[in-house]
Structure formats: structure tokens, C-alpha cells
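Architecture at a glance
In case you want the letters, here they are:
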Amino acid sequence: MSTNTIYVFSGSGNCLDIAKNIAKKLGDTDIVLMRGAPEKTDATDSERVGFVFPCYAGGLPGGVEESFRAVKIAPGTYTFGVASCAAYPGVGLSVLDSIHKLDYWNVVTHQCSCIWLFPHDLMMPKMGAEKAQERSERLAALIGAEVLGGVRSAKAPKANAFNKVEASAWPTLSKKKAAKLRSTEACVACGQCVQLCPKGNIRIEDGRAVFGSDCIGCLACLQYCPQEAINMGGVTVKRERYHNPKVSAAELMQKIIHVE
Ligand SMILES: Cc1cc2nc3c(=O)[nH]c(=O)nc-3n(C[C@H](O)[C@H](O)[C@H](O)COP(=O)(O)O)c2cc1C
Ligand code: SF4
Ligand code: SF4
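Residues numbered from 1 in each chain as written. Chains lettered and ligands numbered in written order. Predicted model: local features only at pLDDT ≥ 70, side-chain atom pairs only at ≥ 80, totals over all residues.

**Side note on the site of ligand 1**
Inspection of the region around ligand 1 gives 25 residues, with Ser10, Gly11, Asn14, Cys15 and Cys85 positioned closest. Every element with two or more residues in the shell around ligand 1 is listed here: α1 (14-26) and β4 (78-85). Across the shell around ligand 1, the residue classes tally to 12 nonpolar, 13 polar and no charged. (Near = placed C-beta within 6 Å. Helix = DSSP H or I, 4+ residues; strand = E, 2+ residues; numbered from the N terminus. Nonpolar A, V, L, I, M, F, W, Y, C, P; charged D, E, K, R; others polar.)

Here it is in C-alpha cells:
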């Protein structure tokens, strides 16, 4: 039992870092990872239940909506949602609001993890990784204080028509992108990506990481590879890798992280 439960999906660590910083303000919090099916779905004993997740192509990462639906929250519980994105939050908060009516929601922009589309500093407002991290920590602490104070958002989150179209196209596009994942000869078969992949989509074959087709495009394998040995098509070869400086691959592999 914990006073607060925060459900988190994170590919390159930004959302887990935001959740940890909110949890530090709240105290006694279980952070439940939603990279796979969440290990704890019954949050009926928590006073506050939150969700932190990224925007992927205007929508949600694969499996996250199903995880939202699996979570049980007692009537009268204070609920909150935080979307992280590079520029715009998309439909995720409104999807969440339709499943668990939100008392409070907010958005934190951070470095862009979508390396096949943009370099990581292409965020709104544009800034480098260090400044973006300071800003994210500041905003997460502010959100934590507002949640602790029981602040309620004046309006429900909205979804725009363009984001809805984008989000519906994402599963097909994601499959196409997944087919481009390859390891290079820099791979030392350390197995980190195998352990990190929430879909069990990576195996080691002949001393190299090999990818299947069951991929949700989270890019954790690519962004955290210690050898920078994973690419998604030619565009990522020269692009600088990014993962949140305060979140390790080992933390992303956890099912539940407790913050006192
Ligand atoms: C596949 C993919 C699609 C993305 N699509 C969007 C998007 O539509 N809009 C946006 O503002 N950011 C987008 N992003 C950026 C992430 O939402 C942002 O970097 C977020 O902070 C990542 O959180 P994480 O590090 O916890 O995974 C995308 C990232 C990925 C990997
Ligand atoms: S994390 Fe990188 S080096 Fe390790 S097995 Fe995967 S691709 Fe190879
Ligand atoms: S293969 Fe890589 S990008 Fe795809 S789901 Fe696994 S870790 Fe994420």
C-alpha cells in the first residue's frame, strides 16, 4: 500500500524522471512502469493516482491506453495526468480523461526522443539537453506541489482533429519504422537492449542484436545502447543519441519504483 501511485510509460527516460520528481514532492509513492502490462493495477488504496506518458505521433505509445483501462481507482480519488512531448501533447490526455476523469493535468515539453524524425534539441521552446532538464525538473516539482495542494484544472484536456488523424496512422507507421531497426558491427552483444525491450522483440544471434517485428517504437534500445550500435534507417547514423541524464537503463527495466 502507498499513499500515491503514479503510472508511467517512458522510452528515453523523460517521463520516468518527471514522475520521480513529482513523487519526491508527494512522498510515499509507487511509480508503476507501463512499458509492459503494469504489475500493479489496483490503486484503490491510494489517495492520489497519476499518469505520466509521452506523446507519440499525436497519440499514445502502444499498449498505454490498455494499461490506463486496466487501472482501478476508488471513487473520490484525486487523479492527475502529465504528458511529456517535444512540442505538442496530442490526444493522450483527452483519452486518459475519458477513461479516468482527471482532476488535474499538465504538459512538460522536453528533448525530442524521436531520433528518426528530429534531432533531440528540436523541442518547443528550442533548447539544449541541460537547460531542458533543469526546466523539466522545475516544472515537475511545481506539478508535484500543485497535486499535493489538490489543485484542480479549470478545463478538461482537448484533442484536435489533426492529432487524431496522426494518432490513428501511428501503428502502421510504427511497423514500417520497426522494420528498419538494425545493429551495426559495433554491437558487443551485451544484451542490454534485449532486457530493455518491453516487447521481447530483440534477441542476440551470431554475436549481434537482431530485431523482430513486434515493436512499439519506444527507441529505448537505440537511445540507451552503450555502443551506439543501433540504427533505424540511415538518418539516425549521424544523429546524436539522447536519453534522460537522470534515468538509467536499469531503472527503466523496473516494474515498480518506490519513492519514500
Ligand atoms: C515515436 C515517437 C513519436 C513522437 N511524437 C511526438 C509528437 O507527435 N509530438 C511531440 O511533441 N513529441 C513527440 N515525440 C517526443 C516525445 O514525446 C518526447 O521526447 C518525450 O519527452 C519522450 O518521453 P520519454 O523520454 O519518457 O520516452 C515522439 C517521440 C517518439 C519516440
Ligand atoms: S545494447 Fe547495443 S551493444 Fe548491447 S547488445 Fe544491444 S545493440 Fe549490442
Ligand atoms: S525494439 Fe527497441 S524500439 Fe522497439 S519496442 Fe523494443 S526497445 Fe522499443
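Structure shown, so let's carry the discussion forward.
**Re helix α3 (residues 92-99)**
Within the sequence span of α3, burial applies to Gly92, Leu93, Ser94, Val95 and Leu96. Taken together, the buried residues of α3 touch β3 (48-54), α2 (64-70), β4 and β5 (104-109). (Buried ≥ 20, exposed ≤ 12 C-beta atoms within 10 Å, placed from the backbone. Contact = placed C-beta atoms within 7 Å.)

**Some details on the domain arrangement of the protein**
Looking at the assigned domains, one finds that the protein contains domain 1 (4-161 + 246-259) and domain 2 (175-231). Here domain 1 and domain 2 have C-alpha centroids that lie 25 Å from each other. (Domains from an automatic or database assignment.)

**So, the sheet that holds strand β2 (residues 29-33)**
Strand order in the open sheet made by the six strands is β5-β4-β3-β1-β2-β10, with mixed pairing throughout. In this open sheet, the two edge strands, each paired with only one partner strand, are β5 and β10 (256-259). Each strand axis lies, on average, 20 degrees off the axis of its neighbour in the sheet, ignoring direction. Of the strand pairs in this sheet, β3 and β4 are connected by seven bridges, and their pairing is parallel. What sits directly across from Phe51, in β4, is Gly81. Of the strands in this sheet, β3, β4 and β5 are in contact with helix α4 (residues 129-148), which crosses β5 at around 175 degrees. (Pairing = 2+ DSSP bridges. Axes fitted to C-alpha atoms, helices over the stretch in contact; angles between N-to-C directions.)

**Observations regarding the site of ligand 3**
Close to ligand 3 lie 16 residues, the nearest being Cys197, Asn201, Cys215, Cys218 and Cys221. Along the lines of polarity and charge, the residues of the shell around ligand 3 split into 13 nonpolar, two polar and one charged.

**Let's talk about α1**
Compared with an ideal rise of 1.5 Å per residue, which puts 13 residues at 18 Å, α1 spans 19 Å between its outermost C-alpha atoms and is within 8% of the ideal. Burial analysis of α1 places 10 of its 13 residues in the buried class, the great majority of the element. Regarding α1, the residues found buried are Asn14, Cys15, Leu16, Asp17, Ile18, Ala19, Lys20, Asn21, Ile22 and Ala23. At the exit of α1 stands Gly27, carrying a positive phi of roughly 75 degrees. (Expected span 1.5 Å × (residues − 1).)

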